[in-house]
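Residues per chain are reported as follows:
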Number of protein chains: 2
Amino acid sequence: MSDIKKYTSIDLKDTIITSPFWEERIKLMAEKVIPYQWDALNDNIAGAEPSHAIENIRIAAGESKEPFHGMLFQDSDVAKWIEAASYSLVHYPNQELENKIDEVIRLIGRAQQEDGYLNTYYTVVCPEKRWTNFAFGHELYCAGHLIEAAVAHFNATGKKSLLDILCRYADHIDSVMGPEENKMKVYCGHEEIELALVRLYHTTKEARYLKLAEYFIDERGEQPCFLENEATYGSDLNKSRWSRLDYHQAHKPVREQTEAEGHAVRAMYLYTAMADISLETGDKTLKAALEKLYHNTRQKRMYITGGLGSQGHAERFTFDYDLPNDTAYTETCAGIGFVFWMQRMLLLDINSKYADDMERVLYNGILSGISLDGTRYFYVNPLEVLPEAVEKRFDFDHVKAQRVQWFGCACCPPNIARLISSIGQYIYTVGDDTIYTQLYIGGESQINLKDKKVSLIQTTNYPWEGHVKIQVNTEIKETLTLALRIPDWCGLYQVSINGNDSTDLLYRENGYVLIKKIWAEEEIIEIEFDMPVQLIQANPKVRENAGKIAITRGPLVYCIEETDNGSNLSALSIALDNKFNIEYDKNLLGGAVSIKLDGYRIDEKVLGDELYRSAVDSDAPAQIVAVPYSMWGNRDSGEMSVWIRKKQ
Amino acid sequence: MSDIKKYTSIDLKDTIITSPFWEERIKLMAEKVIPYQWDALNDNIAGAEPSHAIENIRIAAGESKEPFHGMLFQDSDVAKWIEAASYSLVHYPNQELENKIDEVIRLIGRAQQEDGYLNTYYTVVCPEKRWTNFAFGHELYCAGHLIEAAVAHFNATGKKSLLDILCRYADHIDSVMGPEENKMKVYCGHEEIELALVRLYHTTKEARYLKLAEYFIDERGEQPCFLENEATYGSDLNKSRWSRLDYHQAHKPVREQTEAEGHAVRAMYLYTAMADISLETGDKTLKAALEKLYHNTRQKRMYITGGLGSQGHAERFTFDYDLPNDTAYTETCAGIGFVFWMQRMLLLDINSKYADDMERVLYNGILSGISLDGTRYFYVNPLEVLPEAVEKRFDFDHVKAQRVQWFGCACCPPNIARLISSIGQYIYTVGDDTIYTQLYIGGESQINLKDKKVSLIQTTNYPWEGHVKIQVNTEIKETLTLALRIPDWCGLYQVSINGNDSTDLLYRENGYVLIKKIWAEEEIIEIEFDMPVQLIQANPKVRENAGKIAITRGPLVYCIEETDNGSNLSALSIALDNKFNIEYDKNLLGGAVSIKLDGYRIDEKVLGDELYRSAVDSDAPAQIVAVPYSMWGNRDSGEMSVWIRKKQ
């Protein structure tokens, strides 16, 4: 074993969220989104793309004669829904929902094959092709999501119904794949099984599951690559560039990878699992690779919203500093995977930068994926939208100018539901004698440390305001450190202990302010983060953003929308020396802070109708209204842009 | 008949080019490019994509047993080569070349079918499918190019060998297609046959050819559309958006079309033929449609280089003001078609704007398509290139960062050869008693007017200098007007007659200065166009160019290249109040005027390695060197950009 220090996340059960911003969203998941998604999976949403996911399980169980319909990984939508629904049960008990889950679990059980195999597509459509298409077949991917659902369901309800089914399936997988002689030397083209097996190991303590996850990680990228010998691989390769091995992060052994490559969701799930394995086994070579991969992602391949993936084709990373705003992919699922990865990095190596990026993508590139009413979704989260281009240009084929009810490939909607429903577990990280505050989300948490209880009551109106109060109560009578993350966007902050501005107990380490003390009863920590409007520029190597600035406040990236600013947003510019009018309006977008500032608009009247003419300065003053990026597209359809030209 | 006034172009034979800029290029075509392209068509260029075009004819003639190879319209490459070679013979007699042409014509004759049909793909690969795929089969397209070759060959050599072959083919086509009962009611998915049939009519005076061209024009876009009933159409339609009827300009009757739609080359060849028919028949409804189509093209869908087509997929027009620089298509052939169309518009309705655009695309968007040594070609002529994006991004799949030796689909190289070799015919337009100077290209022209001779000797170093001298000699002793086009880029000019600055004889009409007089012997007209560097902006509705400027001088659009300005061109900006250092350097790019100016570069050192940070002004002075756009990519490979950020 190693000297990798182990930190832990808190359990979902341990925190009741009370933050206005988040309570509303979690409640929306429980009361509206999870029922809505159940209807979608059952094809009961008028006008939405059909899912057929539940019907497919019926077919596999021999209880329906319909043909299979949908993606070959349609099962994973059901799995993610069960996971989300299970999380929601933790704080929103709902017998009707629990019954529905039980019912679908029984159905899944009936669809499971005698040997434990469980996949509706291969069972119904081509049972003879089981385990022949690892590159694109998604069998292990679906297995992974079902395992995650089983773990969540067990943790939420204590019921082993789904867990038993998935243990049987995992045992089956373990019996046919692995390093041992006579087993298949394989891994899945879409990572997910690896992190799921670690979760299954955590729940069952069965070491075989961890070993199998380790094996999948170690095998990945070894040469010669079995994927290239798959019957279907060559044909896919000929059809399209995106079958190259780097698409699957299989171009090199994972420990030799230094740049975030290929399909962005796949990459995030891989990196998450690599961190999980490193945490369990103390493998420092994995940790070292992850640090390089993080550096490359953070410094060269991440959108300001935390979105990942710069190209629609192959939904993938491209090259350093290639971050086009309008043709971005920035899939909601990649953002969610980024949260998973950052959570694991915090466990491997406490550093606020990981939580900064978790917060960045959570408040921007993920929340943008769901409408405020919870019934419409973005798969792709571009930073600039011109509806006419989205409609007419072929290279915008992957982009939508408005959220939709459902997708034929619906990975994102249940993914966002499971993340939001389980957001409580991302708030704190716990070390030997330190509790780290990673996210400022109000709530009551009961944390076990040294077999004693620590109660933290966090109160805040974050992200709209920068004031956070934490009330500490603990049975621990030794030194205990409360570490408060100072977000990267924050230049000025003030900490008080029991109402006294006090610096003698504070020091700063790895991006946290540490309050190290023996705690009396009901001590109150308050922190005031100065939360001014900031104008941000990108590295000048990002050619799409040269001469442009983005508006942020606190963790929120702002954008301008046509509905506030008129059409042709590219005609607008703003100067650096600006004053900002900040206002919380409860009627705006369900309650939001808007930012008004002075800007300029190219005066078209001065210029006439010509397409080209002698250049003149014709900027006229124009007021600009910016709203949080994640909330865009909840009013009228129209243009949107995060980056705005800088008037110099 | 109508009151559409008929103007005529001059014949290629009538002008010997002496302008340094153009003489060099025409000579290059005769001495190097045409022999090179012959080698390419015969697969004798090491490292180039194979053509197989000549071999295909041998196969069709039964003289080779190889399989057919290449595009189904490969014949058109040979046709355009014969056309180019024939033009070059006019002023560069070359017995060896003439023998080669005769040889290939005899081969074509042997490949012609008994009924006159002539197409190697359908003859060799699928004779049973003749005339079944008008949408994508390109049979009439190839026929059109062969007809153009036959006309050019006859005009250049007086030989009827190819003309007879193509008259037989045209007769065959006329016997199976047309408005009469029992004939096919069709037209070609790729326009070309229409303008070719008009040329054949001009040469043979056979009215049936004109009628057939008229029929094809009139039938196009009528509903219901036969294309949609073709066996292959639906499948193509399912595979890709680009099979929509507007791709073929078949979405509406041509007289109802108001916006430049679909595949840009197809559109240009259609509009050219519509103008031809309007000229011949006096059909004012066609002329009216063309004026709308021109307005839409010129005001909303044309790149500053004259390039046309904003999207790689379907090589097509998209929507108004959608003119992305890096993913532009701007096919060389579309630029050439634009010249054809503008030449015809000048015959329909003398107005300098048409010649302005002819000049714009000729000097910029067309000449960029060929390397200075004549052996490398661009198919796509983008206005901004980042080699790494071209290499790695899927949505740049159509772009190349460097010219190549040949293409699998090689429509552009022989097309540019035929245009440059025949440029002499675009210099003047002749009316009843007026000669219009459309292009400033030095040369000696003998023009027939009222059955009398007019000799014009034009001397100029255009486009490098704005001075033009025209020596007039004529037998005509009545009033004759010489009309000098005042280019749209020129704000100041001075005309002198026999050395005297004289304005009493001048007036301006439709963009021309008219010198109306009875001419003595050897009169000298001189015109001095002020040719300053100009900074141009695009209409602010062109979102890609908001806040950017382009550098032009005279007819030339300039660009900046990495080789002169370092990498990351997007970090550069220039101010409007600038001074320019203009220098003709005979060692630069085979002789060119470069423009040096003061600019700025974002200082990366000030900013550090972060991907996002608080915005600051960190522009540092940087000298900028611009070179003519058409000459870019003739030195080291690297970035290029036409549009540069404006420093305000």
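On a predicted model such as this, the values are computed, not experimentally measured, just so you know.

Undergrad: I'm lost on the pattern of salt bridges in this one. Help?
TA: Inspection of every chain in the model, using the stated rule, returns 86 salt bridges over all chains. Of the charged contacts in the structure, one is a salt bridge between Arg208 of chain A and Asp171 of chain A, with a shortest N-O distance of 3.1 Å. In this pair, Arg208 of chain A sits in helix α9 (residues 207-219) while Asp171 of chain A sits in helix α7 (residues 161-176), placing the two residues 37 residues apart along the sequence. Linking Arg301 of chain B and Glu261 of chain B is a salt bridge whose minimum nitrogen-to-oxygen distance equals 3.6 Å. One end of the pair, Arg301 of chain B, is in the loop between α12 (284-300) and α13 (332-348); the other, Glu261 of chain B, is in the loop between α10 (233-239) and α11 (264-281), and 40 residues separate them in sequence. Here Glu261 of chain B falls in the buried class, since its relative accessible area comes to 12%. What you see here is one network of salt bridges that share partners, running through Asp246, Glu259, Glu261, Arg301, Arg316 and Asp320 of chain A.

Undergrad: I would appreciate a short explanation of the domain arrangement of chain A in the present structure.
TA: Much of the literature gives interface size as the accessible area that the parts lose upon coming together. Residues and elements named next belong to chain A. You can read the domains of chain A as domain 1 (15-426), domain 2 (428-529) and domain 3 (533-646). Computed over C-alpha atoms, the centres of domain 2 and domain 3 are 36 Å apart. Ranking the residues of domain 2 by area buried against domain 3 places Pro463, Trp464 and Trp489 at the top, with a combined share of 93%. At the surface where domain 2 touches domain 3, the tally comes to zero salt bridges. Summed over the shared surface of domain 2 and domain 3, the result is one residue pair in polar contact (both at pLDDT 80 or more). Broken down by class, the residue content of the side of domain 2 that touches domain 3 amounts to four nonpolar, no polar and no charged.

Undergrad: Help me understand the interface of chain B and chain A, please; the structure alone is not making it clear to me.
TA: Facing 63 residues of chain B, the contacting portion of chain A comprises 63 residues. Around 5700 Å² of area is buried between chain B and chain A when both sides are counted, 49% of it from carbon and sulfur atoms. Ranking the residues of chain B by area buried against chain A places Leu611, Tyr612 and Gln648 of chain B at the top, with a combined share of 15%. One salt bridge connects Asp617 of chain B with Lys646 of chain A, and the closest N-O pair in it is separated by 2.9 Å. Across the contact surface, chain B and chain A share 28 residue pairs in polar contact (both at pLDDT 80 or more). Considering each element in turn, the side of chain B that touches chain A owes the most residues, five residues, to strand β15 (residues 533-538) of chain B. Partitioning the side of chain B that touches chain A into residue classes produces 25 nonpolar, 15 polar and 23 charged.

Undergrad: Can you walk me through the environment of Ser9 of chain A in this structure?
TA: Residue and element names in this part refer to chain A. Locating Ser9 in the fold gives a position in strand β1 (residues 8-9). The sequence separation of Ser9 and Ile435 amounts to 426 residues, and the corresponding C-alpha distance is 9.9 Å. With near-sequence residues (within four places) excluded, Ser9 lies in contact with Gln343, Leu347, Gln425 and Tyr428.

Undergrad: Just to check I follow, could you spell out the relation of the copies chain B and chain A for this structure?
TA: The two chain copies are connected by a rotation around an axis plus a translation along it. Turning chain B through 180° and shifting it by 0.0 Å along the axis lays it on chain A, with an RMSD of 0.0 Å. Those values place the two copies in the arrangement expected of a two-fold rotation axis.

Undergrad: How should I be thinking about the sheet that holds strand β8 (residues 467-474) of chain B in this particular structure?
TA: Backbone hydrogen bonds are what pair the strands of a sheet, in a parallel or an antiparallel way. Strand order in the open sheet made by the seven strands is β2-β6-β7-β8-β14-β10-β11 (chain B), with antiparallel pairing throughout. The open sheet has two free edges, formed respectively by β2 (15-17) and β11 (500-501) of chain B, since each of these has just one partner strand.

Reading the values: rules and limits
Residues numbered from 1 in each chain as written. Chains lettered and ligands numbered in written order. Predicted model: local features only at pLDDT ≥ 70, side-chain atom pairs only at ≥ 80, totals over all residues. Heavy atoms only, no water. Salt bridge = Lys/Arg side-chain N within 4 Å of Asp/Glu carboxyl O. Helix = DSSP H or I, 4+ residues; strand = E, 2+ residues; numbered from the N terminus. Buried < 20%, exposed > 50% of the residue type's maximum accessible area, 1.4 Å probe, protein only. Domains from an automatic or database assignment. Buried area = accessible area lost by both parts, 1.4 Å probe. Polar contact = N/O pair within 3.5 Å; in protein donor to acceptor, adjacent residues only side chain to side chain. Nonpolar A, V, L, I, M, F, W, Y, C, P; charged D, E, K, R; others polar. Contact = heavy atoms within 4.5 Å. Least-squares fit on C-alpha atoms with pLDDT ≥ 70 in both. Pairing = 2+ DSSP bridges.

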